[in-house]
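# Residue-level structural notes
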Amino acid sequence: DAKTTQPPSMDCAEGRAANLPCNHSTISGNEYVYWYRQIHSQGPQYIIHGLKNNETNEMASLIITEDRKSSTLILPHATLRDTAVYYCIVRVDGQAGTALIFGKGTTLSVSS
Amino acid sequence: GAVVSQHPSWVICKSGTSVKIECRSLDFQATTMFWYRQFPKQSLMLMATSNEGSKATYEQGVEKDKFLINHASLTLSTLTVTSAHPEDSSFYICSAAHGLAGYEQYFGPGTRLTVT
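Residues numbered from 1 in each chain as written. Chains lettered and ligands numbered in written order. Predicted model: local features only at pLDDT ≥ 70, side-chain atom pairs only at ≥ 80, totals over all residues. Heavy atoms only, no water.

Turning our attention to the pairing of strand β3 (residues 31–38) of chain A. Residues and elements named next belong to chain A. Counting buried positions along β3 gives seven out of eight residues, so the element sits mostly inside the fold. Bridging between β3 and strand β8 (residues 84–92) involves eight bridges; their strand directions are antiparallel. Looking at β8, one finds that Y32 is bridged to R91. Looking at chain direction, β3 and strand β4 (residues 45–50) are connected through five bridges and run antiparallel. When the bridges of β4 are listed, Y34 appears paired with H49. (Buried < 20%, exposed > 50% of the residue type's maximum accessible area, 1.4 Å probe, protein only. Helix = DSSP H or I, 4+ residues; strand = E, 2+ residues; numbered from the N terminus. Pairing = 2+ DSSP bridges.)

Printed below as a string of structure tokens:
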């Protein structure tokens, strides 16, 4: 799997949008971008994934650049409960037997 | 979404004893399950991939004789830490891949192991 680069930490005020960047300059054409998050002492939680089009669900939006070398996860209205480590992972889709490989992620701290 | 459970959620054991951790997919069948280990302030490290009815595939550096994995059914995988030592103290997390939704892996809540 291609490697990703994320800033180690970010801060965000409650109620504001949190924009988490991820670089994946060596991503292959058939690799998707996934985002997971891990709240302290819990298992990771799936957030969203995409190939090249922007995606939105009830949790977040994913913006992927046209060259697919980077992406941004957007939490539109961050709350204190969004404080967590956010992981950006690239992987070929449809391969349920392939493990997710986690990098160091971005620690997002949301404060009031 | 699909639910994965782990049991126990935390366990304390004495050095030299063995500990078994269970991972169950509650509402779907998982042909593949994964085991991760996470030390404090570090990321998740993949330990092994477990396929139902076959031997697990271990990552480099993970001792297969120390971390025994059994995936006897489509809803249950177990990890046994044999002859545990204090350095095995960690947060162990399993995940299960839903056969029909290959893009998502569902994670259990984790098991905190402390070896004294």
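Right, let's talk about the interface of chain A and chain B for a bit. Across the boundary between the two partners, chain A contributes 23 residues, which contact 20 residues of chain B. Together, the buried faces of chain A and chain B total about 1500 Å²; carbon and sulfur atoms form 58% of this surface. The tally of links between chain A and chain B comes to zero salt bridges. Across the chain A-chain B interface, the total number found is four residue pairs in polar contact (both at pLDDT 80 or more). Contributions of two or more residues to the side of chain A that touches chain B are made by β3, β4 and β8 of chain A. (Contact = heavy atoms within 4.5 Å. Buried area = accessible area lost by both parts, 1.4 Å probe. Salt bridge = Lys/Arg side-chain N within 4 Å of Asp/Glu carboxyl O. Polar contact = N/O pair within 3.5 Å; in protein donor to acceptor, adjacent residues only side chain to side chain.)

Function-wise, these values are silent; they only describe arrangement.
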